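Overview (structure and organization)
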Amino acid sequence: MTSQKATRKAVKSVALATLIISISRLALAADTTINTAQTTTRGPTPPTVELDGNDTLTIGPAGSVTVMGDSTHGIFTTGNSNTITNNGSISTDGLSSNGIRAEGSSNTITNSGSIRGIFAGGTSNTITNIRGIYALGNSNTITNNGSISTDGPANGIRAEGSSNTITNSGSIISAGILNISGIRAIGNFNTITNSGSIISNGINSPIGIRASGDSNTITNSGSISTGGGNDYGIAAQGSSNTITNSGLITTTAAEPQTIGIYTQGVSNTTTNSGSIISAGQLQSIGIYAVGASNTITNSGSIRSISAESVLHTTRPVDNRSSAGIYAVGDSNTMTNSGSILGINSYAIAFLGSGNKFNTLNDLFIGGRMAIGTDGVVNFTTGANHSKLYTFEATNSVLAAINSTGPVPLFINAATLQTATYDPTIFASSSDALADMTSTISSLTPGRFNGSDKDHPLWLRGFGMAASYDGSDATLERSYRYSGVAIGYDFKRSKDLSLGVLGGYGQSSQRANSVWTQSFNNTSNDGFLGFYGQKRWKKVAFDFALYGGIQSFQLQRYVNDNLANLGSTSVGNSSANASYQGLWLAPEAGITYNAGEVNGWSILPTARLRYAQQWMGGYTESGGGEANATVNGRSVAIGQMFAGIGTHKIIKTHMGRDTKMVLDGQVGYLYRGVVSDDSVNVTMIGQSLSLPTESSSRNAVAISAGVSLDLSRAVALKIRGDFVAGSGTQYGGGGWVGLNVKF
């Protein structure tokens, strides 16, 4: 009689959802919703429930389940095709307790609330085996977009079986002594996806995501953080597993090792396009593959930081080495187009034979490199900063070094060195020469808004900036030029003007790769010029000759993998050089006055300019083995402009006979390159002919200016120019100055 009353009371409590009941002893209906607090204390005997197949249990936002005792479970199911949804909270306190435990296949478990598993009565040596969600069976689907936290030898989510799907977009925190995993899968063909946050901390072997078995797929686009000792961000033990990281993995350990991604087996595939940071006292590894025929691809960022400098900066590679990427076994393939830094460690390490290292163009490597026995290195070159890569002779017995791509690769097989020299340095010279001579030409009286017969002495302050597209071999680059100039019209008559000018300028050419600045080439310039204009009624013929000397200071950045070993600036080096360039530029132009419209003159104009510069050779210093010797070369351009201008004079009252003059011009600009198409460069004991790859330009050029008489003796003049066209991202400049009568 007493038992019947208790049963009726329990059923009534669930139906009304108003009383505190013992979940561990409750016979739940096929579809059950919990919206209140449910608490039980019980022993280790497994619960008896009716979630035994095709049943549904939902915990509402106001609902909660709390169980206390060893081997207890907040929710327990057997059978297949059950659906469990938690929007509230589940809490367990006891040894071997589970927030949700499902035994069977094709079950669906979703947590949008919170699950908390602890053992409050344990000591530092207690083995607790606590799991937030535990599924035993095949083809189960587990989704967490809430929070799961476990404390002890624990797993946030654990699945044993095959073809299970685990998805986390929420938060998982696991802590304890040993065998801690945020997500743990045992079996084959399981799929684990994390776009949320996983934190796993413990004294020994905390792991963010761990899979044991074959053909499992692990994808991380969120964050994984582990700390303790022998910790792993992601670990896969088995064959044909696929690991993809586009998020952030951070591992730290006092000792003995910390690893971002670990695979053990054959034919595993690891791809990183995100960020991996592994920092520890002894062995720190970003990606670690043990086995044969594994494939590792990095297009992201990997940092391996070891505090043990002596162990990892002097000794050959072995099973205690730290590395950005480390492969132990034969016939492994590694492809890098990202950044790998080994601070007090290797950047790349192979321990085995017949391995292959593919280096794609967009990469940065800092740290030692060992390829193993009979390894093959394949370089793909392209637009990028300069590089010098040195492989270790004691560990690298290379079968071949191969190269493809538009930028020549220097190869010294005897020293196991390869190098590239960024040809953007040469390609930018023709645009720089054209921009400099165009700027100087715009200052002279034959151009609109220049001097006039009333003010023969003039002074200008000028500046311009331009940016140009790159190609498959050269980088985008920028050019800056500024300075001052002074001139005097010593011959002035009705039909002829003649003058001279002189000035000083400073220039800067720069290019940046994906990872760093490729070079910075600055100059100090002095220039002189002679100019004139001959006039016949409606026709004006302009002519000029300019010339100057530039003193260049080149700083070329080099990614030298052995530079600054042991420091945070590992891989960073630079080579410096000084050289001079002498240039000469004649030009001629013709302008026709076609009449006026509402006081605006219509002025069709055509102009030609040729400029040539002779660059001296140089030998770099400061870059160690990356220093190069570059032969002298010639740079030349031909530039044509055809357009139409306008001119209007407005009287002012600044003084007697004062005026304001407005000028404008628009037209087509063509810049043809007739420079040397190659230059000889010697580096790492090898000489190659590098392409200069200068490009011709087609553009639209627009100019505008204003001249204002401040008095009869002084005129203020301002001019602006803009150019846009093929291969030119932008080009603009101008000057401001005074013209004086004395």
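Residues numbered from 1 in each chain as written. Predicted model: local features only at pLDDT ≥ 70, side-chain atom pairs only at ≥ 80, totals over all residues. Heavy atoms only, no water.

Points about the side chain of glutamine 533
Following the sequence through the fold, glutamine 533 ends up in strand S43 (residues 517-536). A polar atom in the side chain of glutamine 533 sits 2.7 Å from the side chain of aspartate 542. (Helix = DSSP H or I, 4+ residues; strand = E, 2+ residues; numbered from the N terminus. Polar contact = N/O pair within 3.5 Å; in protein donor to acceptor, adjacent residues only side chain to side chain.)

Topic: the confidence of the model for the protein chain
On average, residues of the protein chain carry a pLDDT of 88, and 90% of them reach 70 or more. The low-confidence segment residues 1-29, where pLDDT is below 50, has 38 contacts with residues more than four positions distant or belonging to other chains. Here residues 41-49 scores under 50 on pLDDT; set against residues more than four positions off or in separate chains, the count is 20 contacts. (pLDDT = per-residue confidence, 0-100. Contact = heavy atoms within 4.5 Å.)

Let's talk about the packing of aromatic side chains
For any pair of aromatic rings, the description consists of the separation of the ring centres together with the inter-plane angle of the planes. Under the defined criterion, the tally for this structure stands at 13 aromatic pairs. Centroid distance tryptophan 458 to tyrosine 531: 6.5 Å. Interplanar angle 50°. Geometry classified as tilted. Here the residue tryptophan 458 occupies a position in strand S40 (residues 457-468), and tyrosine 531 occupies one in strand S43, the gap between them amounting to 73 residues. In this pair, the class of tryptophan 458 matches that of tyrosine 531, namely buried. Judged by centre distance (5.4 Å) and plane angle (40°), the rings of phenylalanine 462 and tyrosine 481 are tilted. Of the two residues, phenylalanine 462 sits in strand S40 while tyrosine 481 sits in strand S41 (residues 477-492), which places them 19 residues apart along the sequence. As far as the burial class goes, phenylalanine 462 and tyrosine 481 line up, both buried. Taken together, the ring pairs connect Tyr232, Tyr262, Tyr288 and Tyr326 into an aromatic cluster. (Phe/Tyr/Trp six-rings, centres within 6.5 Å; stacked < 30°, edge-to-face > 60°. Buried < 20%, exposed > 50% of the residue type's maximum accessible area, 1.4 Å probe, protein only.)

A few points about the nonpolar core
The biggest cluster of nonpolar side chains holds 59 residues, and the ones touching the most others in it are Ile75, Ile348, Phe357 and Phe391. A total of 4 residues in this core trace back to one element, the largest contributor, which is strand S32 (residues 339-351). Aside from chain neighbours lying at most four places away, what touches isoleucine 348 is Ile325, Met334, Ile340, Phe357, Arg368, Met369, Ala370 and Ile371. Residues Ala419, Leu554, Tyr618 and Val681 belong to the second largest nonpolar core, which totals 50 residues. (Core = buried A, V, L, I, M, F, W, Y, C linked by side-chain atoms within 4.5 Å.)

Observations concerning the sheet that holds strand S48 (residues 618-619)
Taken in spatial order, the 4 strands line up as S48-S49-S52-S53 in an open sheet, and their pairing is antiparallel. Unpaired on one side and paired on the other, S48 and strand S53 (686-691) mark the two borders of the sheet. (Pairing = 2+ DSSP bridges.)

Let's talk about the pairing of S41
Note that S40 and S41 share 12 bridges and pair antiparallel. Across the sheet, residue alanine 466 finds its bridge partner in S41, namely tyrosine 479. One ladder, built from 15 bridges, connects S41 with strand S42 (residues 496-512); its direction is antiparallel. In the strand pairing of S42, serine 482 is matched with glutamine 506. Hairpin connection between S41 and S42: a loop of 3 residues separates the two successive antiparallel strands.

What to know about the pattern of salt bridges
One pass over the structure, following the stated rule, counts 13 salt bridges. The salt bridge involving aspartate 431 is made with arginine 671; its shortest N-O contact spans 3.3 Å. With aspartate 431 in helix H3 (residues 424-442) and arginine 671 in strand S51 (residues 659-673), the pair connects residues that are 240 residues apart, well separated along the chain. Given the relative accessible area of 2%, aspartate 431 is considered buried. For arginine 671, a relative accessible area of 7% translates into the label buried. Between aspartate 435 and arginine 671 there is a salt bridge, with the nearest N and O atoms lying 3.2 Å from each other. Placement of the pair is aspartate 435 in helix H3 and arginine 671 in strand S51, with a sequence separation of 236 residues. Note on accessibility: aspartate 435 and arginine 671 belong to one class, buried. Salt bridges sharing partners connect three or more residues here, namely Asp431, Asp435, Arg477, Arg671 and Arg697. (Salt bridge = Lys/Arg side-chain N within 4 Å of Asp/Glu carboxyl O.)

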